[in-house]
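Each chain, written out:
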Amino acid sequence: MQDDSFRSGKLLLVSPHPDDIAYSCGGLVETRIDAAHLLTVFTRSEWTISEHLRDAGADALSEVRVAEDRRYCAERAIDHSFLDFADASLRGYDDEQELLARAEDDPLADEVAGKLAEVVRGVAPALVIAPAAVGNHIDHLLVHLAVRALDGDHRTLYYEDIPYSAHHALKTVERELREVRGLRPFQTFDISAVIESKVEGMRVYRSQTDDQGVQDMRFHASRVAAPPGEFGERLWEAAD
C-alpha cells in the first residue's frame, strides 16, 4: 500500500476510548495522514489519573475526556464523531475483570457493532484503522470484533494497542495477533522523527496520561522499530 492510501481523505480511525489513537498510532497520524475521520466509541467513563476529576464524578470527567479528544482532532485537522457508550469502568468491570471478560457476554456487544457499522457506512472509507485488541480489554475487544465483521466491506488495518502491548513480551503479542486474532504483519512505520510530537499528542489527554504511559509507549515503539535504536509503529491485516 502506498502513502496515498493514507492520504486519500477516506480514512477512518477507530478508537475505543479518547486517547487510544494518540497512544497506539499517533506517530502514523503525525507522519502519514493528511485527512481522516476519528470515531470514538466509549466516551463516558469514571476512570482517570486525576483525583480531582475522580471526585467530580463520571459526568464531569466524561466531558473532559470528550474535550481532550476534540482538541487532539482539532490540532490535527481530523474530523470526529462519538458513539457515547459507557466504558468498562461504568459497566461494572474492575481492572482485572475488564481484561478477562468475554465479548459475547457483554450486553452492549450487539449495540456497539450496529452503531459502529452505521458510522462506517456513513463515512464510506477506503481504509479503516482499528484496534487489534492486544491485551483483551473488553472495550477494545468489542470494537475489534465489530470492525472485523466489516472486513469484507472495507480495507482494514489493525494497530497494536498501547499501553497493553507494552505489558507483554513481544513474542506473546505477536503470537496473540497471529494465532488468536488471525492477523499477519502489514508494515512497520518509522516514527522516530515525530516521537516527541506523538508524546505531545498523548499529553493532550491530561486526565489519562502520566509518565508511565509515555514510558510504556516509548518502550514498545523502540522494540518494534526497524532498524533497532529507532521508534516504530506496526499495523496488521487479516490473514485470510
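What counts and how
- Residues numbered from 1 in each chain as written.
- Predicted model: local features only at pLDDT ≥ 70, side-chain atom pairs only at ≥ 80, totals over all residues.
- Heavy atoms only, no water.
- Buried < 20%, exposed > 50% of the residue type's maximum accessible area, 1.4 Å probe, protein only.
- Helix = DSSP H or I, 4+ residues; strand = E, 2+ residues; numbered from the N terminus.
- Pairing = 2+ DSSP bridges.
- Right-handed = clockwise from strand over helix to strand, strands pointing away.
- Phe/Tyr/Trp six-rings, centres within 6.5 Å; stacked < 30°, edge-to-face > 60°.
- Disulfide = S-S within 2.5 Å.
- Axes fitted to C-alpha atoms, helices over the stretch in contact; angles between N-to-C directions.
- Left-handed = near helix turned anticlockwise from the far one by under 90°.
- Contact = heavy atoms within 4.5 Å.
- Nonpolar A, V, L, I, M, F, W, Y, C, P; charged D, E, K, R; others polar.
- Arc of directions from axis to C-beta.

**Points about the pairing of strand β2 (residues 37-44)**
Okay, so step 1: Counting buried positions over the eight residues of β2 gives seven, a clear majority of the element.
Okay, so step 2: Across four bridges, strand β1 (residues 11-15) lies against β2 in parallel orientation. Pairing of S15 across the sheet is with T40, part of β2.
Okay, so step 3: The β-α-β motif built from β1, the intervening helix α1 (residues 20-32) and the parallel element β2 has right-handed crossover chirality.

**Side note on the packing of aromatic side chains**
To describe a pair of aromatic rings, one takes the distance between the centres and the angle between the planes.
Okay, so step 1: Within the structure shown, the criterion is met by two aromatic pairs.
Okay, so step 2: Ring centres 6.1 Å apart and planes at 50° place the aromatic pair F42 and F85 in the tilted group. Placement of the pair is F42 in strand β2 and F85 in strand β3 (residues 79-86), with a sequence separation of 43 residues. With respect to burial, F42 and F85 carry one shared label: buried.
Okay, so step 3: Considering the side-chain rings of Y72 and Y205, the 5.7 Å spacing of their centres and the 45° angle between planes classify their relative orientation as tilted.

**Overview of the state of the cysteines**
Okay, so step 1: In this structure the tally under the stated criterion is zero disulfides.
Okay, so step 2: Here C73 stays unpaired: no disulfide links it, and the sulfur of C25, its closest cysteine neighbor, is 11 Å away.

**Observations concerning the packing of helix α7 (residues 195-203) against helix α8 (residues 211-224)**
Okay, so step 1: Two numbers describe how α7 lies on α8: the axes approach to 11 Å, and their chain directions differ by 145°. Of the two possible hands of crossing, α7 and α8 adopt the one that is right-handed. The segment α7 lies against α8, with I195, E196, K198, V199, M202 and R203 engaging D211, G213, V214, M217 and R218.
Okay, so step 2: Among the residues making up the contact of α7 with α8, the classes are represented as five nonpolar, one polar and five charged.

**Looking at helix α6 (residues 170-180)**
Okay, so step 1: Here α6 has its buried residues at V173, E176 and L177. Projected onto a plane normal to the axis of α6, the buried residues spread over an arc of 90° and lie on a single side. Structural note: α6 exposes K171 and E179 on the side pointing more than 90 degrees away from its buried face.
Okay, so step 2: Once α6 ends, the next one or two residues include G182, with phi positive near 70°.

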